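# Inside the fold
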Amino acid sequence: MTADFLSLIPGFFSGDAEVCVRSLGTLLRLCFAEELPSDDWYRMLGYSVSVPPYVRQALFSRAFDNDDLLPRLRKPVLITHGTADAVVKSTVIDQQMSRISSAKIRMMATGHACFWDDAPGYNRCLREFAESL
């Protein structure tokens, strides 16, 4: 995860509504390469804020590690990652995902939300991947 994302985590768990909204709003801005239209941004912020802080904390406190399973995957895998992703570092591709021998990696000129920033390009990646099987 990027330092910008990690710095937001305490705010995700805050019971102070202003702190929580500020952190979640910043997270939304990190997820997209370009600024969202305000109606989309507020909708996404609304459903993000509706998740209670204790649930967000439980999501972050769960521990699991599937690194040992990655090399055993035999099914086709498509990994998409945005070149402007401000949430997850691109080194994740090299560190973990390259362990999947069947993986096809597509770097997209997007932020974290490839499917949103470039929906046609993302759908094209999925279609080409499915057709290559």
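Above this text is the structure in question.
Described in the following lines is the structure provided in the data block. (Residues numbered from 1 in each chain as written. Predicted model: local features only at pLDDT ≥ 70, side-chain atom pairs only at ≥ 80, totals over all residues. Heavy atoms only, no water.)

What follows deals with the side chain of Ser 48. Topologically, Ser 48 is positioned in helix α3 (residues 38-49). Residue class for Ser 48 comes out buried when judged on its relative accessible area of 19%. (Helix = DSSP H or I, 4+ residues; strand = E, 2+ residues; numbered from the N terminus. Buried < 20%, exposed > 50% of the residue type's maximum accessible area, 1.4 Å probe, protein only.)

For helix α2 (residues 17-31), which comprises 15 residues, the first-to-last C-alpha distance of 21 Å matches the rise-based estimate of 21 Å (1.5 Å per residue) to within 8%. Here α2 has its buried residues at Cys 20, Ser 23, Leu 24, Gly 25, Leu 27, Leu 28, Leu 30 and Cys 31. Considering only its buried residues, α2 is in contact with α1 (3-12), α3, α4 (53-61) and α6 (114-117). For α2, the side-chain oxygen to backbone nitrogen distance between the N-cap and Glu 18 is 2.9 Å, and the N-cap itself is Asp 16. (Expected span 1.5 Å × (residues − 1). Contact = heavy atoms within 4.5 Å. Polar contact = N/O pair within 3.5 Å; in protein donor to acceptor, adjacent residues only side chain to side chain.)

We now examine the packing of aromatic side chains. A full pass over the atoms with the stated rule returns 7 aromatic pairs. Centre to centre, the rings of Phe 13 and Phe 60 are 5.6 Å apart; their planes meet at 70°, and the pair counts as edge-to-face. With Phe 13 in the loop between α1 and α2 and Phe 60 in helix α4, this pair connects stretches of sequence that are 47 residues apart. What makes Phe 13 partly exposed here is its relative accessible area of 24%. Judged by centre distance (4.9 Å) and plane angle (85°), the ring pair of Trp 41 and Tyr 42 falls under edge-to-face. The class for Trp 41 is buried, based on a relative accessible area of 13%. An aromatic cluster of three or more residues is present, and its members are Phe 5, Phe 12, Phe 13 and Phe 60. (Phe/Tyr/Trp six-rings, centres within 6.5 Å; stacked < 30°, edge-to-face > 60°.)

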